[in-house]
Amino acid sequence: VQLQAFGGGLVEAGGYLRLSCAASGRTFSTYVMGWFRQAPGKEREFVAGISQSSGSTYYADSVKGRFTISRDNAVNTVYLQMNSLKPEDTAVYYCAARGTLSTVIRTDRYAYSYWGQGTEVTVSS
């Protein structure tokens, strides 16, 4: 599966953005999807994940209550709605896919085999 993330940009603190990740292929609905981010000088970290049929979602503590992950299998797209953005949310955001029969959402980056190119989010204070 090929992934393409978009929707990043520059926003003021307290604002919002919606990221999208479009996937190619007819098997999108079989993948657990995740969003990760990487700030300058830092490791790539898990942000949110969603199971194949949207039955389960999981969030990093740092974004819980502010970010919402969703997916639309009919159009092969996963979304990340980001509200109440903070300067510390500034990073390049990546979508990732994990091919698995399990619905467990893994938070380690090495569990995901496919990655999008990243979209940059900058939150000004």
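Residues numbered from 1 in each chain as written. Predicted model: local features only at pLDDT ≥ 70, side-chain atom pairs only at ≥ 80, totals over all residues. Heavy atoms only, no water.

Visitor: Any chance you could explain the overall build of the protein chain here in plain terms?
Guide: Counting its regular elements, the protein chain contains 0 helices and 11 strands. Of the regular secondary structure in the protein chain, the N- to C-terminal order runs β-β-β-β-β-β-β-β-β-β-β. The globule rule puts the C-alpha radius of gyration for 125 residues at 14 Å, and the 13 Å found for the protein chain is close to it. Sequence-distant contacts in the protein chain: of pairs separated by 6 or more residues, those separated by 24 or more amount to 59%. Charge-centre separation for the protein chain: the mean point of 12 positive side chains lies 7 Å from the mean point of 9 negative side chains. (Helix = DSSP H or I, 4+ residues; strand = E, 2+ residues; numbered from the N terminus. Rg over C-alpha atoms; globule rule 2.2 N^0.38 Å. Contact = heavy atoms within 4.5 Å. Lys, Arg positive; Asp, Glu negative; His and termini not counted. Charge placed at Lys NZ, Arg CZ, Asp CG, Glu CD.)

Visitor: Explanation requested: the state of the cysteines in the structure shown.
Guide: Joining two cysteines, a disulfide is a covalent bond between their sulfur atoms. Enumeration according to the criterion identifies 1 disulfide in this entry. Between cysteine 21 and cysteine 95 runs a disulfide, and the two sulfur atoms are separated by 2.1 Å. Classification of the bridge connecting cysteine 21 and cysteine 95 rests on its S-S torsion, roughly 60°, and on that basis the disulfide is right-handed. Linking cysteine 21 in strand S3 (residues 17-23) with cysteine 95 in strand S9 (residues 91-99), this pair joins segments that are 74 residues apart in sequence. (Disulfide = S-S within 2.5 Å.)

Visitor: Quick question: what am I supposed to make of the environment of valine 92 here?
Guide: Along the polypeptide, valine 92 turns up in strand S9. Taking the relative accessible area as the measure of exposure, valine 92 reaches 23% and is therefore partly exposed. With 27 residues separating them in the primary sequence, valine 92 and threonine 119 have C-alpha atoms 5.4 Å apart. (Buried < 20%, exposed > 50% of the residue type's maximum accessible area, 1.4 Å probe, protein only.)

Visitor: Help me understand the packing of aromatic side chains, please; the structure alone is not making it clear to me.
Guide: The description of an aromatic ring pair rests on the distance of the ring centres and on the angle between the ring planes. Applying the stated criterion across every chain yields a total of 7 aromatic pairs. Aromatic pair phenylalanine 46 and tyrosine 58: ring centres 6.0 Å apart, planes at 35°, arrangement tilted. Of this pair, phenylalanine 46 sits in strand S5 (residues 45-50) while tyrosine 58 sits in strand S6 (residues 57-59), placing them 12 residues apart in sequence. A network of ring pairs unites the aromatic residues Phe36, Phe46, Tyr58, Tyr94, Tyr112 and Trp115 as a single cluster. The ring of tyrosine 94 is capped by arginine 44, whose NZ or CZ atom sits 3.7 Å from the centre of that ring. Over the aromatic face of tryptophan 115 sits the side chain of arginine 44, whose NZ or CZ is 4.9 Å from the ring centroid. (Phe/Tyr/Trp six-rings, centres within 6.5 Å; stacked < 30°, edge-to-face > 60°. Lys NZ or Arg CZ within 6 Å of the ring centre and 35° of its normal.)

Visitor: Would you take a moment to explain unusual backbone geometry for this structure?
Guide: Excluding glycine, residues mostly have negative phi values, and the peptide bonds linking residues are mostly trans. Even without glycine at this site, asparagine 76 takes up a positive phi of about 55°. Positionally, asparagine 76 belongs in the loop between strand S7 (67-72) and strand S8 (77-82). Classification of asparagine 76 by relative accessible area gives buried; the value is 17%. Unlike most non-glycine residues, serine 84 shows phi in positive territory, near 50°. Inspection of the secondary structure assignment puts serine 84 in the loop between S8 and S9.

As far as function goes, none of this settles anything; it's purely spatial.
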